[in-house]
Amino acid sequence: REMLEVGMKFDPFFSIRGLAVDRENGWICHLSYTHKVAVAWEGRHRVTRPRLMAEYTGKRALEPSARKKRLKPLNDLFSMAECCLMADVVQFFLDRDIPFCPRSAVNDVLGSITH
């Protein structure tokens, strides 16, 4: 309810098809054609290159099995709204200095949409 009261609204310019949400850290990721994490957002803020390199062990690439387990593709038009909601929830927590477990936030957001 509090998220609605602060005026969060769908931003049609934030998301594109083909992104993925990282289930471990809650980041919205854009993968390159070589399956490397090219760009990521934590909430509505772009993740710095040093943080990307640290999170994805220098190469920014994940093995296919790890990619399948860790990343949830956001491929269709419906997923664009899902992507925005995920980013907004994370941003809400960050803006208010609310400690949260990114994995739980991702599971809760994705679970609420799935069910």
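Our subject is the structure that appears above.
Structure report, in brief.

**Some remarks on the sheet that holds strand β3 (residues 37-42)**
Taken together, 5 strands build an open sheet; the order of strands is β4-β3-β2-β1-β5 and the sheet is antiparallel. With one partner strand each, in any of the chains shown, β4 (45-46) and β5 (71-74) form the two edges of the open sheet. Taken together, the 2 bridges between β3 and β4 define a ladder with antiparallel strand orientation. Directly across from W41, in β4, lies its bridge partner R46.

**A look at the pattern of salt bridges**
Throughout the structure, instances matching the rule amount to 7 salt bridges. We note a salt bridge from D11 to R44, for which the minimum N-O separation is 3.4 Å. Within this pair, whereas D11 is found in the loop between α1 (2-5) and β1 (19-22), its partner R44 is found in the loop between β3 and β4, the two being separated by 33 residues in sequence. Exposure remark for D11: the relative accessible area of 27% places this residue in the partly exposed category. Residue R44 is classed as partly exposed on the basis of its relative accessible area, which comes to 23%. Of the charged contacts in the structure, one is a salt bridge between R103 and E24, with a shortest N-O distance of 2.4 Å.

**Quick notes on the environment of L52**
Tracing the sequence through the fold places L52 in helix α2 (residues 49-55). As a C-alpha pair, L52 and V106 span 54 residues in sequence and 19 Å in three-dimensional space.

**Notes on the environment of T34**
By secondary structure assignment, the location of T34 is in the loop between β2 (28-31) and β3. For T34, the side chain forms a polar contact with the side chain of S32, separated by 2.8 Å.

**Considerations on the pairing of β2**
Here 3 bridges tie β1 to β2, and the two strands are oriented antiparallel to one another. Opposite L19, over in β2, you have H30 as the bridge partner. Taken together, β1 and the strand that follows it, β2, pair antiparallel across an intervening segment of 5 residues, in which G26 is found at a positive phi of about 80 degrees. Pairing analysis gives 4 bridges linking β2 to β3, with the strands arranged antiparallel. Looking across to β3, one finds that C29 is bridged to A40. From the end of β2 to the start of β3, which pair antiparallel, there are 5 residues, and H35 there has a positive phi angle of about 70 degrees.

**Notes on helix α5 (residues 102-114)**
Relative to the 18 Å expected for 13 residues at 1.5 Å per residue, α5 spans 18 Å between its end C-alpha atoms, a close match to the ideal helical length. The complete set of buried residues in α5 reads A105, V106, V109 and L110. Taken down its axis, α5 places every buried residue within 115 degrees of arc, on the same side. Exposed positions of α5 whose direction lies more than 90 degrees from the buried face are D108 and T114.

Criteria and thresholds
Residues numbered from 1 in each chain as written. Predicted model: local features only at pLDDT ≥ 70, side-chain atom pairs only at ≥ 80, totals over all residues. Heavy atoms only, no water. Pairing = 2+ DSSP bridges. Helix = DSSP H or I, 4+ residues; strand = E, 2+ residues; numbered from the N terminus. Salt bridge = Lys/Arg side-chain N within 4 Å of Asp/Glu carboxyl O. Buried < 20%, exposed > 50% of the residue type's maximum accessible area, 1.4 Å probe, protein only. Polar contact = N/O pair within 3.5 Å; in protein donor to acceptor, adjacent residues only side chain to side chain. Expected span 1.5 Å × (residues − 1). Arc of directions from axis to C-beta.

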